[in-house]
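In case you want the letters, here they are:
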Amino acid sequence: MTIMSQPPADTEPPDPTVRARKPLDPDDFAARSLMEPGCLEAHLALELFAAQQAEARSYAEHLRKMAMFWDESGDDGDLYAILVADARRITVHQASTQLHAAYTAVTGFPHTLARLEAGDLPAHWFEQLLRRVRRLTPDQWRQVDDRVSAWDLANIPSDRFTRELGKLIAWFGAAAVRETPAQQRNVGLEVNPDHDGTARLAITGPVHEIVGLSHRLDAAARAVQNDQRHAVDEGRPAPFDIDGDVSRDGHHMTLAALRYAILTRTMLDTAGIEVPGSRFRLQVVVPAMTLLGETEAPGTIDGTIPLPAPMARHLAAGEPTWYRILTDPATGAYLPLPPSRYSPTPTMQEHLRLLDPVCAVPGCTRNVCTVGESDHIEEYDHDNPEKGGQTSIENLHRLCWKHHTMKTRGLLDPVRGPDGSTTWNIGEIERLSTRQNCDLLTPEIAADLQHSWDVYEEMLAWDDARWRGLLQDAESPAPAPAPVPVPVPVPDPSSIPLADVVPVRVPYTDPATYPDPPF
């Protein structure tokens, strides 16, 4: 085993000459691939080579333009991120990351950026460089820039670039800017990108703490599993039988299932500090036709996490109380509730969580179901409430704490239009317009419900004909249900009475007269 000593932090890394063994000649593509010169494949290879050079030049120009938006002075940087997110059709967080990368490229790697502009290195090489220097200091950026820009970038192969860059980054070792294990303690929520109804908590921290937690959890699971064995033999209820499988099947749970059950069902210890209960219940929204099994339209958790239809029905079946949410049958817009006071009622808060499960600022993806703040779009006039700024769904939205603070400071100024859209005045820079959130499944489900009602009325007509003796063969089967009608353009919802579109006629009571539901 070879042991290498760590170079002193103030020692610059060596500056080796990184040269290709021979120049990269695009005309040799055919020969290296054993193809006939001038063949179609060789011609396509030359076009791809020229395209990657053009991509490199375009990427360099893009970085210089993006860097012009970077501002470290404060909240103005986030204002620019909102504009970049809208222009590039990405989230505010992604825009902030791209702005910082552009700033790093222009200020920290000017010489290598010039080589990128010349088309000497592919764009993804430069992206790799920006990713791998995140932990280095600005002075170390300068050293990397000086060395990499002097390499034979126009001729060295990809594996050589990656290997040499890795050696250069590794040279700094402990001198790189790194968070300590204690500083990296974190618990993050990760939703499965397949949206199969699962999610995970990623726990990061010092390795000895995580290993210790794993051992304690494993020991607890084994102890509970042993007690479950005895419970089955003695005919008594088994502990942590969260789904009733032990009672039903007469067999203990697996260790993996028990670790999960213990972790999710055990009281959290906060050293005597009282933790207030959530002001809101977990919002699981399930379309009515999904509950009836007539459609497989998914539900949602807190308005952002898709929930498969079978799981949504399973959750709904286990709840003693359901809450009805009214939507426009054509557009899916949530029907408004009347204003009553300055502070939104719990019913209004629930309504706002449906409209704005994430921050209402364009491009912001921060979830505001539990930690967001309700905000008056037109400010409430405490001295003369009748002058405007009413506490109504039309004049309220939910914002994350950062953008709420920016709005309070006047950096963001939203204006709600009569059609429900919101125009955002972003400082003195730009104006963006956003549409109000709608339930996109309602029009489709309304069509399914109408079809089911048509089939039901046809069955009633056949039954009536048999009763009147109009059918010679009373035992003849009813005709097959009519096929689903071809979708037609959705008419103006204001011209369609609700009862004509949704055939289930229920006496309607103003929700404002209901007492606030328990939370």
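So, here's what we can say about the structure. (Residues numbered from 1 in each chain as written. Predicted model: local features only at pLDDT ≥ 70, side-chain atom pairs only at ≥ 80, totals over all residues. Heavy atoms only, no water.)

## Things to note about the overall build of the protein chain
- Per the secondary structure count, the protein chain includes 17 helices and 10 strands.
- Within the protein chain, counting contacts between residues at least 6 apart in sequence, those at least 24 apart form 58% of the total. (Helix = DSSP H or I, 4+ residues; strand = E, 2+ residues; numbered from the N terminus. Contact = heavy atoms within 4.5 Å.)

## Re the packing of aromatic side chains
- Within the structure shown, the criterion is met by seven aromatic pairs.
- Summarising the aromatic geometry, the rings of W70 and Y103 are spaced 5.4 Å apart at their centres and angled 25 degrees between planes, so their arrangement reads as stacked. Taken together, the residues span a long stretch of sequence, with W70 in the loop between helix 2 (40-67) and helix 3 (76-88) and Y103 in helix 4 (residues 92-108) at a distance of 33 residues.
- Residue classification places Y103 among the partly exposed positions, given a relative accessible area of 23%. (Phe/Tyr/Trp six-rings, centres within 6.5 Å; stacked < 30°, edge-to-face > 60°. Buried < 20%, exposed > 50% of the residue type's maximum accessible area, 1.4 Å probe, protein only.)

## Remarks on a nonpolar patch on the surface
- On the surface, a nonpolar cluster with roughly 520 Å² of combined accessible area is contributed by V187, L189, V191, L201, I203 and L213.
- Those elements that place two or more of their residues in the nonpolar patch are strand 1 (186-191) and strand 2 (199-204).
- No other element matches the three residues that strand 1 contributes to the nonpolar patch.
- Topologically, L213 is positioned in helix 9 (residues 207-234). (Patch = residues over 30% accessible without salt bridge, like charges linked within 9 Å, V, L, I, M, F, W, Y side chains within 5 Å. Areas by Shrake-Rupley, 256 points an atom, 1.4 Å probe, with all protein chains shown as cover. Salt bridge = Lys/Arg side-chain N within 4 Å of Asp/Glu carboxyl O.)

## Describing the environment of D375
- Within the secondary structure, D375 sits in strand 6 (residues 373-376).
- Given the relative accessible area of 4%, D375 is considered buried.
- Taking the C-alpha atoms as reference points, D375 and N395, 20 residues apart in sequence, are found 8.4 Å from one another.
- Beyond its immediate stretch of four places on either side in the chain, D375 contacts N395, L396, H397, L399, H404 and K407.
- Within polar-contact distance, the side chain of D375 engages the side chain of H404 at 3.2 Å. (Polar contact = N/O pair within 3.5 Å; in protein donor to acceptor, adjacent residues only side chain to side chain.)

## Some details on the packing of helix 2 against helix 6 (residues 123-132)
- Axis separation between helix 2 and helix 6 bottoms out at 8 Å; the angle between their running directions is 40 degrees. Accordingly, the angle class assigned to the pair helix 2 and helix 6 is oblique. On the side of helix 2, the interface is formed by E55, A56, Y59 and L63, while helix 6 contributes A123, F126, E127 and L130.
- Its residues assigned to classes, the contact of helix 2 with helix 6 comprises six nonpolar, no polar and two charged. (Axes fitted to C-alpha atoms, helices over the stretch in contact; angles between N-to-C directions. Parallel < 35°, antiparallel > 145°, perpendicular 65-115°, else oblique. Nonpolar A, V, L, I, M, F, W, Y, C, P; charged D, E, K, R; others polar.)

## Some points on the sheet that holds strand 4 (residues 299-301)
- Taken in spatial order, the three strands of this open sheet run 3-4-5, and their pairing is antiparallel. Of all strands in the sheet, those bounded by a partner on one side alone are strand 3 (284-285) and strand 5 (305-307).
- Sheet analysis places strand 4 next to strand 5, joined by three bridges and oriented antiparallel. Residue pairing for strand 5: I301 is matched across the bridge by I305. (Pairing = 2+ DSSP bridges.)

## Describing the pattern of salt bridges
- Under the defined criterion, the tally for this structure stands at 21 salt bridges.
- Residue R142 is joined to D146 by a salt bridge in which the shortest nitrogen-to-oxygen separation is 3.4 Å. On the criterion of helical spacing, the pair formed by R142 and D146 is a turn pair, its members being four residues apart in helix 7 (residues 138-149).
- One salt bridge connects E164 with R160, and the closest N-O pair in it is separated by 3.1 Å.

## Structural notes on the nonpolar core
- L116, F126 and V144 are the most contacted members of the largest nonpolar core, which has 55 residues in total.
- Elements supplying a minimum of two residues to this core: helix 2, helix 3, helix 4, helix 5 (110-117), helix 6, helix 7, helix 8 (158-172) and strand 9 (422-426).
- Contacts of V144, omitting those with residues within four sequence positions, involve F109, L129, V133, L136, L168, I169 and F172.
- Residues L217, A238, A261 and I262 belong to the second largest nonpolar core, which totals 11 residues. (Core = buried A, V, L, I, M, F, W, Y, C linked by side-chain atoms within 4.5 Å.)

## Examining helix 9
- The terminal C-alpha atoms of helix 9 lie 41 Å apart, and with 28 residues this matches the ideal 40 Å at 1.5 Å per residue to within 8%.
- Among all positions in helix 9, only L217, D218, A221, V224, Q225, Q228 and A231 are buried.
- Summarising the contacts, the buried residues of helix 9 are in contact with helix 10 (245-249) and helix 11 (255-265).
- Looking one or two places after helix 9, you find G235, whose phi comes out positive at around 75 degrees. (Expected span 1.5 Å × (residues − 1).)

## Re the sheet that holds strand 8 (residues 412-416)
- Strand order in this open sheet of three strands is 8-9-10, and the pairing throughout is antiparallel. Of all the strands in the sheet, the pair left with one neighbour each is strand 8 and strand 10 (430-434). Mean inter-strand twist for the sheet, computed between neighbouring axes without regard to direction, equals 20 degrees.

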